[in-house]
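Now for the letters of each chain:
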Amino acid sequence: MSAQINKRLKKTGQYSLLCLIALVCIFPFWWTLVVAMSTEGNLFEFPPTFWPHGVSLANFSEAFRVIPILAFFKNSLLITLATVAGKLLVCSLAAYPLSRMQFSGSRLVMGVILATMILPSEVNFLVNFITMTKIGLVNTYTAVVLPNVVTAVSVLLLKQAFDEVPQDLLDAARVDGASEWTIFYRIVLPLITPWLATVGILTAVEAWNEYIWPSIVISKPEDFPLSAGVLYLRGTYGSSTRVIAAGTILTVAPILIAFLFTQRFFMRGMDGAVK
């Protein structure tokens, strides 16, 4: 009986901790939504208001009127899809040799990839901008996408996925006369689909929310993604926190909804694709 009580208390404590973490994570989004839907009251009163006063969609309508949100949305969608496709292609091609091929310098290459994780992404902005300028890609979506198609985290995740594929399966395919390319895209890639989905989801969230690099490499406002374009609300409505909050919700909502519908694939990838 005592063991059951301790087990229940432990489980209650674990769920309580998870609920507390969930509340901490949800609160910024909820408070922003409350501000965006409110038309009355003091936004900065203490304790803060947890429910909108004078509920209205007027702030969202004003955000649509001031900036071309639909055009920014289309730009973000294009950049995100291109980044996801490019990263899955390049990182899978990079991770497969590191996992399944023996070649001189493989450990050095792996060490260099791991070393890049130490540096923040902002360190690369100057070098990337000079590179994009030299090859004439400034003010194009290609310049936004190219620096983000390879990341150390994605390569490591896919390498781990390739490591889990049974070696006997690959040897059997080679005995049957399958080429290395056939083994890669007909046998290995279908087996690590959940991992590919995980990398794709993480990449989509990162690409959708990216605003510093697009703001640097793109100077035409009409070509901005949604995350960068919404910043115009801050200049136009410097004192209208409600309109800025509405623009923020419009930026966050699409990727949040997409993540809710794809989270099962994300969890399968994190648990391991190949059993």
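For the structure itself, look to the data block above.
Residues numbered from 1 in each chain as written. Predicted model: local features only at pLDDT ≥ 70, side-chain atom pairs only at ≥ 80, totals over all residues. Heavy atoms only, no water.

(A) Spotlight on the packing of helix α3 (residues 69-100) against helix α7 (residues 152-163). In the contact formed by α3 and α7, the axes pass within 8 Å of each other and the chain directions differ by 50 degrees. Judged on the interaxial angle alone, α7 and α3 are oblique. Crossing hand, α3 versus α7: right-handed. The residues of α7 that touch α3, namely those facing Lys87, Cys91, Ser92, Ala94, Ala95, Tyr96, Leu98, Ser99 and Arg100, are Ser154, Val155, Leu158, Lys159, Phe162 and Asp163. Classifying every residue of the contact of α3 with α7 gives eight nonpolar, three polar and four charged. (Axes fitted to C-alpha atoms, helices over the stretch in contact; angles between N-to-C directions. Helix = DSSP H or I, 4+ residues; strand = E, 2+ residues; numbered from the N terminus. Parallel < 35°, antiparallel > 145°, perpendicular 65-115°, else oblique. Left-handed = near helix turned anticlockwise from the far one by under 90°. Contact = heavy atoms within 4.5 Å. Nonpolar A, V, L, I, M, F, W, Y, C, P; charged D, E, K, R; others polar.)

(B) Main features of the side chain of Asn59. You can see Asn59 is positioned in helix α2 (residues 58-66). A distance of 3.1 Å separates a polar side-chain atom of Asn59 from the backbone oxygen of Ser38. Sequence-distant contacts of Asn59, that is, excluding residues within four places in its chain, are made with Val35, Ala36, Met37, Ser38, Arg242, Val243 and Ala246. (Polar contact = N/O pair within 3.5 Å; in protein donor to acceptor, adjacent residues only side chain to side chain.)

(C) Seen up close, the layout of surface pockets. Here the largest pocket is characterised by a volume of approximately 600 Å³. Every residue lining the largest pocket is counted, 25 residues in all, and those nearest its centre are Ser121, Asn124, Val150, Thr151 and Ala152. At five residues, α7 tops the list of elements feeding residues into the lining of the largest pocket. Partitioned by chemical class, the residues of the lining of the largest pocket number 14 nonpolar, eight polar and three charged. As for the second largest pocket, its lining consists of Asn209, Tyr211, Ser227, Val230, Leu231, Arg234, Ile244, Thr248, Thr251 and Val252. No other element matches the four residues that helix α14 (residues 241-271) contributes to the lining of the second largest pocket. Taken together, the residues of the lining of the second largest pocket break down into five nonpolar, four polar and one charged. (1 Å grid on protein atoms, 1.4 Å probe; cavity = no way out; pocket = protein on both sides within 12 Å on 5 of 7 lines; lining within 4 Å. Points joined across faces, edges and corners; volume = space filled by probe spheres on them.)

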